[in-house]
Amino acid sequence: MKNIKTKIRVAIADDHPLLREAMRNVLEQHEDMEVLGEASDGEEAVKLSSELKPDIVVMDIVMPKLSGIEATRQIRKISPATAVLVLTAYDDDRYVIGLLEAGAAGYLLKSARGETLVKAIRAVHAGESVLHPTIIAKILKYGMKIGAEGGKPKTEEQLSDRELEILKLAARGMSNKDIAKTLFLSIRTVKAHLSNIFNKMGVASRTEAIVKGVREGWLTLEDISDEESKS
């Protein structure tokens, strides 16, 4: 029997009709993508996610009625299996941290090309992290500030040396395949370690794990690759 590939079900939330149309046109050119619907404000995005349970919501930050941050927070509560990929023109610290704390799985700037968006959606759907090096730098800056204020939360169960090693490689943006190759492990073993990491940290995605890892003080600037730390 022929294996039928399941399409990635996407919803688009942006208050600009032209941009929504452009994104839909880009995504629908790919056979593994299906656009379920569009939302012009945060409230519509939450309602759409509640009704259709998309795999991915491509979310803007500044929208009428409900901000992208609050919409993301509500979507993560009502549809935990739905991942939110932020696509915005803003990279202010307050937006970045707010969205990642709300549970966004990735953060892209609108300067990105269409093919970059497609790759990001596929990556998020596969459980990968989609964070530009400048965004990671902001997370690190935020984490160091929290640490200096003595407000780091405590995780009940500490990560093992191997789990911490994998978390650091994930923070560099490495895929499961790349991590497996680097550590001479199978991809299945890497996925199992990541699952254990998520359970111990009480998170649902790589991005959330990275954010919490920074807050815990387990990830530092030195843990990011040389190329990224110089960006």
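This text goes with the structure placed above it.
Model, not experiment: these values are computed from the prediction.

### So, the overall build of the protein chain
Working step 1: Helix and strand content of the protein chain: 11 helices and 6 strands.
Working step 2: Residues classed as buried in the protein chain amount to 48% of the 231 residues present.
Working step 3: Considering only contacts in the protein chain between residues 6 or more positions apart, those separated by 24 or more positions represent 67%.
Working step 4: With an accessible surface of roughly 12100 Å², the protein chain has 51% of that area assigned to carbon and sulfur atoms.

### A closer look at the environment of Ile-187
Working step 1: Positionally, Ile-187 belongs in helix H9 (residues 187-201).
Working step 2: Once the C-alpha coordinates of Ile-187 and Asn-176 are considered, the two residues, 11 residues apart in sequence, prove to be 6.1 Å apart.
Working step 3: Once you skip the residues sitting within four places of it in the chain, Ile-187 turns out to touch Asn-176, Lys-177 and Ala-180.

### As for the nonpolar core
Working step 1: One finds Met-59, Tyr-107, Leu-167, Ile-179, Ile-197 and Met-201 to be the most contacted residues of the largest nonpolar core, which totals 48 residues.
Working step 2: By size, the runner-up hydrophobic cluster in this structure holds 20 residues, among which are Met-33, Leu-108, Leu-117 and Val-118.

### What to know about the sheet that holds strand S4 (residues 83-88)
Working step 1: Read from one edge to the other, the open sheet built from 6 strands follows the order S2-S1-S3-S4-S5-S6, with strand pairing classed as parallel. Across the chains shown, the open sheet's two edge strands, defined by having one partner strand only, are strand S2 (33-39) and strand S6 (130-131).
Working step 2: Relative to S2, strand S1 (residues 8-13) runs parallel, the two being bridged by 6 bridges. Residue pairing for S2: Ile-8 is matched across the bridge by Met-33.
Working step 3: Across the face of the sheet, helix H2 (residues 42-52) comes into contact with S1, S2 and strand S3 (56-59) while running at roughly 135° to S2.

### Details of H9
Working step 1: Taking 1.5 Å per residue as the helical rise, H9 with its 15 residues ought to reach 21 Å, and the 21 Å between its terminal C-alpha atoms agrees with that figure.
Working step 2: Where H9 is concerned, the buried positions are Val-190, His-193, Leu-194, Ile-197, Phe-198 and Met-201. Taken end-on, H9 shows its buried residues confined to a sector of 140°, consistent with a single buried face. Across from the buried face of H9, at angles greater than 90 degrees, the exposed residues are Arg-188 and Asn-199.
Working step 3: Where the residues of H9 are buried, they touch helix H7 (161-171), helix H8 (176-183) and helix H10 (206-216).
Working step 4: Count one or two residues on from H9 and you reach Gly-202, which has phi positive near 70°.

Criteria and thresholds
Residues numbered from 1 in each chain as written. Predicted model: local features only at pLDDT ≥ 70, side-chain atom pairs only at ≥ 80, totals over all residues. Heavy atoms only, no water. Helix = DSSP H or I, 4+ residues; strand = E, 2+ residues; numbered from the N terminus. Buried < 20%, exposed > 50% of the residue type's maximum accessible area, 1.4 Å probe, protein only. Contact = heavy atoms within 4.5 Å. Areas by Shrake-Rupley, 256 points an atom, 1.4 Å probe, with all protein chains shown as cover. Core = buried A, V, L, I, M, F, W, Y, C linked by side-chain atoms within 4.5 Å. Pairing = 2+ DSSP bridges. Axes fitted to C-alpha atoms, helices over the stretch in contact; angles between N-to-C directions. Expected span 1.5 Å × (residues − 1). Arc of directions from axis to C-beta.

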